[in-house]
Amino acid sequence: MNATLKERADKVFMATYGRYPVAMVKGEGCRLFDADGKEYLDFLSGIAVCGLGHCHPAVVAAVRRQVADLVHVSNLYYTLPQTELAEKLVANSFADKVFFCNSGAEANEAAIKLARKASAPERYEIISLEGSFHGRTLATVAATGQTRFHQGFEPMPAGFQHAPFGDLAALERMIRSATCAILCEPLQGEGGVRPLPPDYLKGIRDLCDENGLFLIFDEVQTGVGHTGTLFAHQQLGVEPDIMTLAKALGGGLPIGAMLARQHIAQAFTPGTHASTFGGNPVVCAAANASLDTILADGFLQSTREKGEYFRAALQKLAARFPGQIATARGMGLLLGLVFTEAGAAQGGEIVAKMMERGFLINFTAGIALRFVPPLIVSKAEIDLLLAALAEVLAEVFAAPR
Ligand SMILES: *Cc1c(COP(=O)(O)O)cnc(C)c1O
């Protein structure tokens, strides 16, 4: 039962997560089932992780096959699954070389270390953006441009600056002789599903070129299909020098990757960086199966179509509550409904009411409802969510308070 597991768990876990009183026991496609037998439509995908939904047959089969052959050997040896995965990532991106780890934060740590290692010793500083999210390790939390994540953990590691979002001139003024890279998400996920304006992104690229800086894209959340292209930057006309991936890459299993062009990647030589589990054969087999499915003909095209349909419907919904909802925004199937200040106070309540009705979404940065359904979601499932959301919004925003 949900309640029994919650009671056991709360006794033994550090309270880092504010959890809903629900224990999930089974997943299938876009559906999740809890310990009391209640069914949910999952429009969060484990926070942009389960791109192919839950227990996709291709991923399950690949894991079953690999786990029977070889589970782990360490990176002292080569394995086929991780080599295949790296080949696919290189073939489908700007990058020449790949490093595997186990999470988004680790991928960003690797990117930060590579940017420093590939620069002259006096150049070590990285500029990221306000509102960004790059992870919870000390260096990545220092790179994260939201002070609430720093509080209580000071002093932050040195060498990180945050530029105000959208202000290219301010960013340019922050560049100095110690700067080695600019780090940003093409769309800020945890920052409220906030896309960087294309001109701003191009301006950042130009600043990097003019000043000899590396441009690092954190595509941990935007990468691997959710935005309608394999990587978000591929539809924005700007290429990075270094890119990080994680969340959706493993089809639900934990993996992170850091990709770079050869002239930068060459700074990593034997012994300079490592990860015991990085590129684990089972996880890479799952990632290969997931990536093959996403790269198959028509898959991303269909993601884009469903994304446009969903976004247009959210925009219509927004127009019905002008006092509380500002706009719908996002890319592909990574969408947000952005509240006004008046509406934002009810964000948590809306998520809870949607959950009661069997729909999983979340509320991010205190400003936006986030919708990240599995890419296999159907239009009918999108319609079900929209109908429930329209009712909940009417209930919450129309009620006198
Ligand atoms: C989730 C996220 C991270 C951190 O990933 P973990 O796997 O939780 O360490 C980093 N960057 C972005 C953009 C993310 O969305």
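We now turn to the structure provided with this report. (Residues numbered from 1 in each chain as written. Predicted model: local features only at pLDDT ≥ 70, side-chain atom pairs only at ≥ 80, totals over all residues. Heavy atoms only, no water.)

### Observations regarding the overall build of the protein chain
Stage number 1. Each helix and strand counted, the protein chain has 14 helices and 17 strands in total.
Stage number 2. A compact globule built from 401 residues should have a C-alpha radius of gyration of about 21 Å, and the protein chain, at 21 Å, falls within 12% of that.
Stage number 3. The burial tally for the protein chain puts 55% of its 401 residues in the buried class.
Stage number 4. Partitioning the contacts of the protein chain with sequence separation of at least 6, the portion at a separation of at least 24 is 70%.
Stage number 5. Where the 35 positive side-chain charges of the protein chain centre and where its 40 negative ones centre are 3 Å apart. (Helix = DSSP H or I, 4+ residues; strand = E, 2+ residues; numbered from the N terminus. Rg over C-alpha atoms; globule rule 2.2 N^0.38 Å. Buried < 20%, exposed > 50% of the residue type's maximum accessible area, 1.4 Å probe, protein only. Contact = heavy atoms within 4.5 Å. Lys, Arg positive; Asp, Glu negative; His and termini not counted. Charge placed at Lys NZ, Arg CZ, Asp CG, Glu CD.)

### What to know about the site of the ligand
Stage number 1. Around the ligand, the structure places Ser103, Gly104, Ala105, Asn108, Phe133, His134, Gly135, Glu185, Asp218, Val220, Gln221 and Lys247.
Stage number 2. Here an oxygen atom of the ligand sits 2.8 Å away from a polar atom, N or O, in the main chain of glycine 104.
Stage number 3. Between the ligand and aspartate 218 there is a distance of 2.7 Å, counted from a nitrogen atom to a side-chain nitrogen or oxygen.
Stage number 4. Compared with its free state, where it exposes 380 Å², the ligand has 81% of that area covered by protein.
Stage number 5. Broken down by element, the shell around the ligand gets its largest block of residues, three residues, from helix α5 (residues 104–117).
Stage number 6. Its residues assigned to classes, the shell around the ligand shows three nonpolar, six polar and three charged. (Near = heavy atom within 4 Å. Polar contact = N/O pair within 3.5 Å; in protein donor to acceptor, adjacent residues only side chain to side chain. Areas by Shrake-Rupley, 256 points an atom, 1.4 Å probe, with all protein chains shown as cover. Nonpolar A, V, L, I, M, F, W, Y, C, P; charged D, E, K, R; others polar.)

### Focus on the packing of helix α4 (residues 80–91) against helix α10 (residues 281–295)
Stage number 1. Taken N-terminus to C-terminus, the directions of α4 and α10 make an angle of 35 degrees; their axes are 8 Å apart at the nearest point. In this structure, α4 meets α10 at a crossing whose hand is left-handed. Residues Pro81, Gln82, Glu84, Leu85, Lys88 and Leu89 of α4 form the contact with α10, whose participating residues are Pro281, Cys284, Ala285, Ala287, Asn288, Leu291 and Asp292.
Stage number 2. The residue inventory of the contact of α4 with α10, partitioned by class, reads eight nonpolar, two polar and three charged. (Axes fitted to C-alpha atoms, helices over the stretch in contact; angles between N-to-C directions. Left-handed = near helix turned anticlockwise from the far one by under 90°.)

### Brief notes about the pattern of salt bridges
Stage number 1. Counting across every chain of the model gives 14 salt bridges.
Stage number 2. Across the pair glutamate 125 and arginine 176 runs a salt bridge, and its minimum N-O distance is 2.6 Å. Here the residue glutamate 125 occupies a position in strand β5 (residues 125–129), and arginine 176 occupies one in the loop between α7 (168–174) and β7 (179–184), the gap between them amounting to 51 residues.
Stage number 3. For aspartate 241, the salt bridge is made with arginine 205, and the minimal N-O distance between the two is 3.0 Å. Of this pair, aspartate 241 sits in the loop between β10 (214–218) and β11 (242–245) while arginine 205 sits in helix α8 (residues 198–211), and the two are 36 residues apart along the sequence.
Stage number 4. What emerges from the salt-bridge pattern is a single network uniting Arg205, Asp209, Glu239, Asp241 and Arg261. (Salt bridge = Lys/Arg side-chain N within 4 Å of Asp/Glu carboxyl O.)

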